[in-house]
Amino acid sequence: MSTKGGRAHAALVQAIEILRELEHLDGDDLAAAAHRRCEGNGDLLNAVRMLLDGAEPDSEGIQRDLDADLGLGSTPDPSTTPSVDGITISHLIGSGGAGDVYAGRQESPERDVAVKVLRSGHSSRRAVHRFAREGRALAAIQHPSVAAIHAISEARLASGGVAPCLIMEYVLGDTLASVSEAIPLRRAAQLAAKIARGLHAAHQRGIIHRDLKPSNVMIDQAGQPRIIDFGVAALHTSDDTPRHTVTGELLGTLGYMSPEQIDGSADVADVRIDVYAVGVLFYELLTGKAAVETGTTSSIHAIQAIMRGALPKLPLGGDADAVYRKATELDPFRRYESAAALADDLERLADARPVSARPPSWVYLASRLVRRRPVSSSLAALAVAVIFSFGAAAVWGFSTASRERDSALIAEARAREAASFLRGMLTSPDPDQDGPDVRVIDVLNRSAEQIDTLHGDDPLVAMDLHRTIGWTYTSLSKQSEAQTHLLSALAIAHDQFADDDPEVLLLECDVAESEVQLGQIESALDRMTRTNRRMRATTDLPPQTRAAVLMTLGEVLRNAGKADEAFVAIDEARDMLLSVSDTSDPQFRATLSALGRTYLEQSLATAGREVFESLLATFSAHEVGSASWFIARSNLATALATEGRHEEAIPIYEEVLEAGPPVLGEMHFTLRMVRNILPDSYIAVGEPDKALETSARAVGDALAVYGPDTTGELMALNNHAVLLMQLEKYESALPITARLAEQWPRLLAPEHPHALRGLRNHAAVLDRLGRDAEAAASFRDIAAIQQATLGDAHFDTIVTKNNLAHLLEKLGESEEAAQLMQSVVDHSGPDSGLPPPARGIFQLNLGRSLISLARFEEAETALEAASTLYPVNESHQNKVREARTRLIAARDGRDVQTEPNSDDPI
């Protein structure tokens, strides 16, 4: 950098800081205050003036110096084409900030090459060093999105001198700079993702590009992007300190530079510089224009925009803008942490999958899946119409990773004492006294009573033993006994440690898990809310402890019906663990499992399946057949079944039921839940007898483990009732759904999703049995609770009101039916995230009600919308035609009766 340019840059940076401090002022007040701060410093005064309006005297000189340092306006050396041994150079391809690139033909091996020669006038020692460094950097990268370098050589110039040169892969095609029009979202996301993948390969070699721009990316003849220039790359040492960067030196191209690059600090050469550049490039691909204009008269304004984070909003909005915004955050620590993470989101965007750049609400995630698979997703939306099963109940409980998670925190001496106690427990049965068939539970009960007697003088050992015994009772599905011992352990921990100690926090998690297993959801939620607050107020906790609290909080939130908040907590736990552990870590696996369960709880089967496939891929060959492996396999089967892939799910379920008991125990939670939901798959493939037999076994299991009138028994009963409804055995289902409608609200609170679904199932049975008035009264009660707790725009509220309106129409109460349906339509517009087929049914039902009220013009409008929203479904179109026939007849004063369709409600 020239002396004058260096002063200009330093003054510019200082001027930016001054204006930041004074940003609460404006107009003349701002100018006056800024000028007072610059007294006696001409360079600083000129820089402030330029930042204020870009047109004050003496700005042009500084502007030229600044542009030169940014590499703007460079021209090729006009000297004769150089020569390189073994290569015939044909013509000049282009020029970068410091080198000219020629096309050539290499003799051996015979191939087309690109030759980059350091331009005369840029041959300072540091420039030559940087040029050679580019060669070494490129040679270290092997990736299809990065142009390969073949060799580092020397070129003879016409002047008689020599200059270093790079012999590179010749990429035939055009640079992205030649793309002057916007390209479709899918293509733009795919290109940007591949560029980000290439940069990530460089980052893994310790190389940061720092000058990504359209002219540095070629699109080859196969349509694939290739990064062709690493001319100002920064190399990192092992301690993450960038080399070859001087404080105050500005390297890169304005318009694609991050704010921290413009600041010129030496300690900001981070991979997120390249993440920022990909974000800006993505904007340009989608809009056909640069995010930041950088013409000769606008560079200062560009710097202002970049330094203030004032980049333009992406016109597309939605997910694309969310990804672009996260990539180009003003604060680098709020951007994607790596180019790979950005590539992941860009690939999700290209496939219309959920992106991480926005909070993953379940309506948002559902809308992404609808975009990817519109037909199957629409049918799935219709399938949840009247019958609500707890199909994800196989993954309702917690994973069994608690022991692996917490054991690492038990001190060695205490572990020895605990091991000694457990060895004594396991070797204590006396065949002469206890008989040959003594049960583990009997030995456990007897030993558990001795903990405080034998180890009362050593509270930490007693704490560990109570915790271990609690885990053991949990594995035997003895939840009440488990909770007793976990609470004893927690009481000791509170007595021995501070409230924010890892021992206390982890035991709070264990107790919360036991509360969920016993249906004590509100208590668990209150406990984890307090635990999370203490965790966040403590700065020196291990990340594993923080992740454990977040994961447990997420599980509790999920079981409390707060799926949106659960996603956020579990995602945070996963990201935290990724920074400190590998994918085989039991705690990381438990977190992945929790994330998958949350997806399945919200019927997001594809997302859940992808998570469980990823989870199973972390198991090594010798771990196949372990308890954790069987649990993951059963969860994968549940995801497949929820996707409708029952033929694939059934063999996995049956494998778990056959081979799992010796490893898990006959009454293990996973096996019992498999029996709960396997009947759905049997029904789907036409095996109702197997379905009924398996479901009856599941009810018996739940009664034996949990006892009567417990959450566990009611879940099994609910699934059995749903099965009977699927088989149209409504009379048999009625007493079960009546019991569930009475007991769910008592156990879980009236507004809990399980309670509301139980009530809705009962209303559905009444509807099917022709007891319309009772069914309508039940739906009315449900709708009132949902409106008060969820709001009118929530999917569950919309569905209930639609079903209630359908019943009211059958009962001749068209005025109220029309009012309800108008509310449904108003809250299910294009921005609601609901699939068009569902909205089409809503419009059809509204149209029918309006016909009954002789509001013919409004009815015609609703029927037209119904037809347009669901054009591919012939059954739906027939219903629209029937409604139009009725409309025409009603206008003519004729009475045309049509049979109500039992599948119209959602």
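As the structure is a computational prediction, the values presented were derived from the model and not from experiment.

Asker: Account for helix H40 (residues 874–891), naming residues and giving values.
Answerer: Residue pairs spaced three or four apart in an α-helix point in one direction, given the helix's 3.6 residues per turn. In this model H40 runs 26 Å from its N-terminal to its C-terminal C-alpha over 18 residues, within 8% of the 26 Å that 1.5 Å per residue would give. Of all the positions in H40, only His876, Gln877, Lys879, Val880, Ala883, Leu887 and Ala889 are classed as buried. In this structure, the buried side of H40 is in contact with helix H38 (836–852) and helix H39 (856–869). Taken from the residues just after H40, Gly893 is the one with a positive phi, measuring 85 degrees.

Asker: Got a sec to walk through the packing of helix H23 (residues 543–559) against helix H25 (residues 586–601)? Specific residues and values, please.
Answerer: One way to put it is that H23 packs onto H25 with a least axis distance of 10 Å and a crossing angle of 20 degrees. Here H23 is positioned roughly parallel relative to H25, judged by the angle of their axes. The handedness of the crossing between H23 and H25 comes out as left-handed. On H25, the residues that touch Gln544, Ala547, Ala548, Met551, Glu555 and Arg558 of H23 are Gln587, Ala590, Thr591, Ala594, Arg597, Thr598 and Glu601. Of the residues belonging to the contact of H23 with H25, the class tally is five nonpolar, four polar and four charged.

Asker: Could you give an account of the nonpolar core, naming the residues involved and the relevant values?
Answerer: Grouped together as the largest cluster of nonpolar side chains are 120 residues, with contacts concentrated most on Met528, Val556, Tyr599, Tyr653, Trp744, Phe842 and Leu863. Formed by 55 residues, the second largest nonpolar core is a distinct cluster that contains Leu199, Val275, Met307 and Leu346.

Asker: Can you break down the packing of helix H27 (residues 627–642) against helix H28 (residues 646–659) residue by residue, with the values?
Answerer: Running from N to C, H27 and H28 cross one another at 155 degrees; their axes reach a closest spacing of 8 Å. In terms of orientation, H27 and H28 fall into the roughly antiparallel class. Between H27 and H28 the crossing geometry is left-handed. Of the residues in H28, those touching H27 at Trp629, Phe630, Arg633, Ser634, Leu636, Ala637, Thr638, Leu640 and Ala641 are His646, Glu648, Ala649, Ile652, Tyr653, Glu655, Val656 and Ala659. Among the residues making up the contact of H27 with H28, the classes are represented as eleven nonpolar, three polar and three charged.

Asker: Requested: an account of the sheet that holds strand E8 (residues 217–220), with residues and values cited.
Answerer: Reading across from one edge, E6-E8-E9 is the order of the three strands in this open sheet, with antiparallel pairing throughout. With one partner strand each, in any of the chains shown, strand E6 (173–175) and strand E9 (225–227) form the two edges of the open sheet. With strand direction ignored, the average angle separating the axes of adjacent strands in the sheet is 30 degrees. As paired elements, E6 and E8 share three bridges and run antiparallel to each other. Paired with Thr175 across the two strands is Met218, which belongs to E8. Relative to the sheet, helix H6 (residues 185–204) contacts E8 and E9, its axis offset from that of E9 by approximately 30 degrees.

Asker: Residue-level account of the confidence of the model for the protein, with values.
Answerer: Low pLDDT marks regions whose predicted coordinates should not be analysed in detail. This prediction gives the protein a mean pLDDT of 76; 73% of its residues lie at or above 70. Here helix H13 (residues 374–383) stands out as the least confident element of the protein, with mean pLDDT 32; H28 is the most confident, with 94. Here residues 426–438 is a poorly scored stretch, pLDDT under 50, and it has ten contacts once near neighbours within four places are set aside; other chains count.

Asker: So what's going on with the pairing of strand E3 (residues 111–118)? Residues and values would help.
Answerer: The buried count for E3 comes to six of eight residues, which makes it a mostly enclosed element. Alignment of strand E2 (residues 99–106) against E3, held across eight bridges, turns out to be antiparallel. Within the sheet, the bridge partner assigned to Gly104 lies in E3 and is Val113. The antiparallel hairpin formed by E2 and E3 contains four residues in its connecting segment. As judged from the five bridges shared by E3 and strand E5 (residues 162–169), these two strands associate in the antiparallel manner. From the neighbouring strand, Val115 faces E5, where its bridge partner is Ile167.

Asker: I'd like to hear about the packing of aromatic side chains, residue by residue, with values.
Answerer: Under the counting rule described, the total for this entry stands at two aromatic pairs. For the ring pair Tyr283 and Tyr324, a centre distance of 5.2 Å and an interplane angle of 35 degrees mean the geometry is tilted. Remark: Tyr324 occurs in helix H10 (residues 318–327) and Tyr283 occurs in helix H8 (residues 272–287); sequence separation between them is 41 residues. The exposure classification of Tyr283 matches that of Tyr324, with both residues buried. The lysine or arginine in question, Lys326, covers the ring of Tyr336, its NZ or CZ lying 4.7 Å from the ring centre. The positively charged end of Arg589 is found above the aromatic ring belonging to Phe619, 4.0 Å away from the centroid.

Asker: Can you tell me about the pattern of salt bridges, naming the residues and giving the values?
Answerer: Per the stated rule, a full pass over the model turns up 44 salt bridges. Here Glu572 and Arg536 are joined by a salt bridge, their closest N and O atoms 2.9 Å apart. Here Arg536 lies in helix H22 (residues 521–536) and Glu572 lies in helix H24 (residues 563–578), a separation of 36 residues in the sequence. Take Glu572: its relative accessible area is 29%, and that puts it in the partly exposed class. Two residues, Glu623 and Arg589, come together in a salt bridge whose shortest N-O distance is 2.9 Å. On the criterion of sequence distance, the pair formed by Glu623 in the loop between helix H26 (605–616) and H27 and Arg589 in helix H25 is long-range, its members being 34 residues apart. Judged by relative accessible area, which is 21%, Glu623 ranks as partly exposed. Accessibility expressed as a relative area gives 9% for Arg589, which makes it buried.

Cut-offs applied
Residues numbered from 1 in each chain as written. Predicted model: local features only at pLDDT ≥ 70, side-chain atom pairs only at ≥ 80, totals over all residues. Heavy atoms only, no water. Helix = DSSP H or I, 4+ residues; strand = E, 2+ residues; numbered from the N terminus. Expected span 1.5 Å × (residues − 1). Buried < 20%, exposed > 50% of the residue type's maximum accessible area, 1.4 Å probe, protein only. Contact = heavy atoms within 4.5 Å. Axes fitted to C-alpha atoms, helices over the stretch in contact; angles between N-to-C directions. Parallel < 35°, antiparallel > 145°, perpendicular 65-115°, else oblique. Left-handed = near helix turned anticlockwise from the far one by under 90°. Nonpolar A, V, L, I, M, F, W, Y, C, P; charged D, E, K, R; others polar. Core = buried A, V, L, I, M, F, W, Y, C linked by side-chain atoms within 4.5 Å. Pairing = 2+ DSSP bridges. pLDDT = per-residue confidence, 0-100. Phe/Tyr/Trp six-rings, centres within 6.5 Å; stacked < 30°, edge-to-face > 60°. Lys NZ or Arg CZ within 6 Å of the ring centre and 35° of its normal. Salt bridge = Lys/Arg side-chain N within 4 Å of Asp/Glu carboxyl O.

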